Amino acid sequence: MTTGSPTIAYREEVRRPGIPCIALALAIGCGRIDFDPLASGHDVVADAPMVDAPSGPPACRATAFGPPMSIVAGETPEVIATADVDRDGNADLVVGDYYDAPLTIRLGNGDGTFGDAITTSGSSSAPELELADVNKDGIVDVVETNFGGSAVTVMLGDGDGTVTAKPPFTQAEPEALAIADVDEDGVLDLAISNYGYGTVTILHGNGDGTFTPVAPTIPTTSVYSGPIALADLDGDSHLDLMVGESTALLSVMLGHGDGTFGARQDYTLDDSPSGIVTADFDGDGKLDVAVTDYGSAEISVLRGKGDGTLAAQTVTPTNSIYPGGLIMLDVDRDGHVDLITGNGDGTATVLYGHGDGTFDPGHGFVAGTNTTSLAAADFNSDGIPDLALADFQGDQVVLLFGTCP
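In this text, all values refer to a predicted model and were calculated from it rather than measured experimentally. (Residues numbered from 1 in each chain as written. Predicted model: local features only at pLDDT ≥ 70, side-chain atom pairs only at ≥ 80, totals over all residues. Heavy atoms only, no water.)

Draft legend 1. Molecular detail of the overall build of the protein. Secondary structure summary: the protein contains 0 helices and 33 strands in total. Within the span of the protein, comprising 405 residues, buried residues form 62% of the whole. Intrachain contacts of the protein at a sequence separation of at least 6 include 48% that bridge at least 24 residues. Within the structure as shown, the protein displays about 13000 Å² of accessible surface, and the carbon and sulfur contribution to it stands at 52%. (Helix = DSSP H or I, 4+ residues; strand = E, 2+ residues; numbered from the N terminus. Buried < 20%, exposed > 50% of the residue type's maximum accessible area, 1.4 Å probe, protein only. Contact = heavy atoms within 4.5 Å. Areas by Shrake-Rupley, 256 points an atom, 1.4 Å probe, with all protein chains shown as cover.)

Draft legend 2. Broad picture of the sheet that holds strand E4 (residues 69-71). Taken together, 4 strands build an open sheet; the order of strands is E4-E33-E32-E31 and the sheet is antiparallel. Here the strands that pair on one side only, and so sit at the sheet edges, are E4 and strand E31 (373-377). Looking at each pair of strands side by side, their axes are set apart by 25 degrees on average, direction ignored. Examined bridge by bridge, E31 and strand E32 (residues 386-391) share 5 bridges and lie antiparallel to one another. From the neighbouring strand, Ser373 faces E32, where its bridge partner is Ala390. (Pairing = 2+ DSSP bridges. Axes fitted to C-alpha atoms, helices over the stretch in contact; angles between N-to-C directions.)

Draft legend 3. Region of interest: the sheet that holds strand E8 (residues 118-120). Within the open sheet, the 4 strands sit side by side as E5-E6-E7-E8. Their pairing is antiparallel. Edge positions in the open sheet fall to strand E5 (77-83) and E8, since each of these has one partner strand only. Shown here is a sheet whose adjacent strand axes are inclined to one another by a mean of 20 degrees, direction ignored. The pairing of strand E6 (residues 92-97) with strand E7 (residues 103-106) spans 3 bridges and is antiparallel. Paired with Val94 across the strands is Ile105, a residue of E7.

The quantities given are spatial measurements derived from coordinates; they are silent on function.
Printed below as a string of structure tokens:
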């Protein structure tokens, strides 16, 4: 991961009601972004190989991505993630389908093209998948939620781009998923929001790809809880829990380091949240939170105070319709974190950061038809981050190749 000071490790979680998400583990610091699929930090899940992003002028903002290119991956691709699943140094794509269709893996060739589809049994309705090494063998695995079937499936990576599915385990209407070591035993755990049940379930990892649910479940403010994220908001080295509520709230519960969490603190948003990311957006050394507001098509930024509490939101329009997936990159190479949303109008929208906690209104790039799940990696090995978006209505995966030098 990035060396130098300061470097802030953070975890991303993205979601909108009814549309799946991806998760990324990134570290931003000293003007570069790292994608480290098997990093040792307790707040890291898998993502693509390193993307180097040195500082530079923002002259390329309007043309930061080239024209869209598409590939086939599944029947109705709904959720997408990226990592080096076959360990060849190239970023690969893992795609979950809306209907009862197999999980699709497309292995990257390192030049922006991908090999033939590899399929395996997946969920009947995959609102979310995440990539992480859950059995500690150094190989990226897949964890996929099955909302319609009330189950979670773990698929262990074989190291050659294929996966072996373990028997699904029952989980009441799993909506959003986060993977991290919440009990600090060196093994990754799961945190899952249960849509319609008003709870979050913590499942302790056993280190072999199996998980044990922890009782009792954690109550949320709303019955219909959505996106979920884990990060250390109060600087005590324990992961804290954030949950997006359908009642236009962000709930924060501070972690104790043993897999349990404290009392809930709610923060007002403008609309139902569809994605959550955390980073130090204003450069004060304290983690802040950004949330996509689905119906109002805004980004809410809540600045962290360093003690686990957050300031009231400030909002920036995305200039899109129904923003869903939310990720972070330094798109214009100026050393500041930018926010990118995948949207229901078929665009990817970049909100360029100023480094002081504020962002420009969204600048849209045409991608497809309904592109609310997205992932980022350097797919063509030119040192510039690219985007991959699952186009649910267009039955395709759309690639946008970065152009900022």
